[in-house]
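# Results of the structural survey
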Amino acid sequence: MLFNFEMDFATSLRCVPMIVRMKLDICGIKLSLRQWSRFTREDRHALVARSIDTRMERMAYCAFLLHLIRIRAGDMAEFLPPARAEAWQLPDGVPDAIRLKAETDGLRPPTPEQWRHLSSLQRFALVKLTRRGHENQNFGPALREFLDGNG
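The structure presented is a predicted model; accordingly, all values stated were derived computationally and were not measured.

## Digging into the pattern of salt bridges
Here the idea is simple: oppositely charged side chains can pair when their charged atoms come close. Here the structure, examined in full by the defined rule, presents seven salt bridges. A salt bridge links Lys 101 to Asp 105; its shortest N-O distance comes to 3.2 Å. Taking relative accessible area as the criterion, Asp 105 reaches 35% and is therefore assigned partly exposed. The partner of Glu 113 in a salt bridge is Arg 116, with the nearest N and O atoms 2.8 Å apart. In this pair, Glu 113 and Arg 116 both sit in helix α7 (residues 112-117), three residues apart, roughly one turn of the helix. Look at Glu 113 and you get partly exposed, because its relative accessible area is 41%. Look at the salt bridges and you will find they share partners, linking Asp 92, Glu 113 and Arg 116 into a network.

This is how it looks when you write it as structure tokens:
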């Protein structure tokens, strides 16, 4: 699943889409844009499409990703702690960073009810788009897309 705010690079998958970034966080694997750029189009599509809903699927996804990093980029993977109880994984209570970013950008932050009804991927995207070093200009379009029901 790719979001409308990602469509400027969705067809080429030149940037790592949110769905893959979330899977990376869940698996605890760091992937650089340089490594991503070495993957084939088919590799990238597989990383978007593969499910990680079950433990076995997560293990297979991680193994596939580690294999790609090694054979396509010639690198050993870097590991991070897997995401556990992150703000985007918790449907109760809008994170302060989301409220602050929305208000700073002159937008209405999601209500607790709206936050609860967002998918974990939508919550992940909003949280990621508030962090330093990320393309924060997409926060407004993402927030509007998710709250207006177009996502």
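Additional details are given in the paragraphs that follow.
## Some details on the packing of aromatic side chains
We describe a pair of aromatic rings using the distance from one ring centre to the other and the angle between the two ring planes. Following the criterion strictly, the structure yields five aromatic pairs and no others. Between the aromatic rings of Phe 5 and Phe 146, the centroid separation amounts to 6.2 Å while the plane-to-plane angle is 70°, which identifies the pairing as edge-to-face. Residue Phe 5 is found in the segment before α1 (7-10), and its partner Phe 146 is found in helix α9 (residues 139-147); the two are separated by 141 residues along the sequence. Its relative accessible area of 6% is what places Phe 146 among the buried residues. Put simply, the rings of Phe 3, Phe 5 and Phe 146 pair up and form one aromatic cluster. Positioned above the aromatic ring of Phe 64, the side-chain terminus of Arg 50 is 4.0 Å from the ring centre.

Basis of the calculations
Residues numbered from 1 in each chain as written. Predicted model: local features only at pLDDT ≥ 70, side-chain atom pairs only at ≥ 80, totals over all residues. Heavy atoms only, no water. Salt bridge = Lys/Arg side-chain N within 4 Å of Asp/Glu carboxyl O. Buried < 20%, exposed > 50% of the residue type's maximum accessible area, 1.4 Å probe, protein only. Helix = DSSP H or I, 4+ residues; strand = E, 2+ residues; numbered from the N terminus. Phe/Tyr/Trp six-rings, centres within 6.5 Å; stacked < 30°, edge-to-face > 60°. Lys NZ or Arg CZ within 6 Å of the ring centre and 35° of its normal.

Shape is all these values report; function is a separate question.
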